[in-house]
Each structure stands twice: as structure tokens, then as C-alpha cells.
Amino acid sequence: MARPREITDERLLDAAALVIGRLGPAFKLADVAAEARVAVGTVAQRFGSKHGLLVAMTRTAIEQMRTGMTDEGSPVDALVSAYAPLDDPHTAAHNLAQLAFDLADEELRALMAEFYAVMEAQVAVLVRREQDEGRLGEAPPPEVAARILTATADGTAVHWSARPRGGLIERMKADLDAIVAGWRSRNG
């Protein structure tokens, strides 16, 4: 007899991410429970409410960003990898719609600010590494370069979700590579 899968927070948060990708801010705890194949009470007991679930998702995203991004080879690769789950126009649009709701909530907005601060710090580490290895020409200071690259990645995701021509990953890579190429060419 097959053993039932353990009901972990990770499993519930993964289910929530899938549901948000399908439904955006219209999702309900019942949708998450159905995706995770658990009772609604299980999700409610773990997170208390939809807001509590979103807080847990954002805190988890912050921790994943804190630990995973500097394993990537370059700042461009790291950002492209971070945005890869949005490489579907409907998923991207639903996630952006959820972001708009999150930004209207003071606690979630503060957590998003922390998320972006961590993302920029992680990208700055990668920029500094490339500068130290002589591969980044005359890029601005790492913190400024990281802000430029992350803002471009965000903007590309927003624009692409409204006008999805080609894939997000290809467009984002092209946009970020164009910036980095400019920094490299300034060096000679």
C-alpha cells in the first residue's frame, strides 16, 4: 500500500505557488488544499488565513533568495534563473496581479522590500565577483549594477507578461546581456 505524502509546509507552499500561478489573487485556501490534496482545515491550521499563507510564502522566498542565488555563475544567469518560473504568460500575469495585492498590504509590502534587498545584495556579490575576475569592464559599483540589473529583470517580466512575444527567459537574457555587454565594451 502506498504511503501518503507527508504534509509539510513546503508542500503546502508549493501548492500555493501553483494555484497563484493559475488563479492570481482570486485564489482561496480551498484551492491550495485541493492542489496539495489535503483538507482545507490543514492549510488554515498551518497558516491561519490567506494572508498568513502569503506571509509564509514571502518569508520562504526571502530565505531561498538568501541561500541560492550566489551559486549561479553570473548575475545574468542568477536573475534569469530566479524569474524562470514565470516563463508562461498566464502564470506571469497571475503572479503580477498577486503582487499588486501584496503591495497594498503593509506587512507584505515590507516583506517584498526585504526580498528585493536580498536579491540586490545577492546580485551585487555576483557582480563584484565578475569585476574582481576582470570580466565586467567598467560596470558601476556592485550595489548600483545590481539595482540596475534587478530593476531591468522586473521591468522585462512586467512588459513581457503584457506582450508575451517569444519566451520570458530569452527576452530577459537578451535585455540583461545588452547591459552587461555595454559595461564590458567600455573597458576596451
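Above this text sits the structure in question.
Residues numbered from 1 in each chain as written. Predicted model: local features only at pLDDT ≥ 70, side-chain atom pairs only at ≥ 80, totals over all residues. Heavy atoms only, no water.

A. Looking closely at the packing of helix 8 (residues 142-162) against helix 9 (residues 168-185). As a packed pair, helix 8 and helix 9 sit with axes 10 Å apart at the nearest point and diverge in direction by 150°. One finds that helix 8 runs roughly antiparallel with respect to helix 9. Crossing hand, helix 8 versus helix 9: right-handed. Here A145, I148, L149, T152, A153, T156, A157, H159 and W160 of helix 8 lie close against helix 9, whose contacting residues are L168, R171, M172, D175, L176, I179, V180 and W183. Taken together, the residues of the contact of helix 8 with helix 9 sort by class into twelve nonpolar, three polar and two charged. (Axes fitted to C-alpha atoms, helices over the stretch in contact; angles between N-to-C directions. Helix = DSSP H or I, 4+ residues; strand = E, 2+ residues; numbered from the N terminus. Parallel < 35°, antiparallel > 145°, perpendicular 65-115°, else oblique. Left-handed = near helix turned anticlockwise from the far one by under 90°. Contact = heavy atoms within 4.5 Å. Nonpolar A, V, L, I, M, F, W, Y, C, P; charged D, E, K, R; others polar.)

B. Highlighting the environment of L111. Looking at where L111 falls in the secondary structure, it is placed in helix 7 (residues 106-132). Using a relative accessible area of 8% as the deciding quantity, one classes L111 as buried. In this view, L111 contacts V55, T58, R59 and I62; residues no more than four positions away in its chain are not counted. (Buried < 20%, exposed > 50% of the residue type's maximum accessible area, 1.4 Å probe, protein only.)

C. Structural detail: the pattern of salt bridges. In the structure shown here, the tally under the stated rule is ten salt bridges. Of the charged contacts in the structure, one is a salt bridge between E143 and R128, with a shortest N-O distance of 2.7 Å. Taken together, the positions of E143 in helix 8 and R128 in helix 7 put the pair 15 residues apart, joining distant regions of the chain. For R128, a relative accessible area of 33% translates into the label partly exposed. (Salt bridge = Lys/Arg side-chain N within 4 Å of Asp/Glu carboxyl O.)

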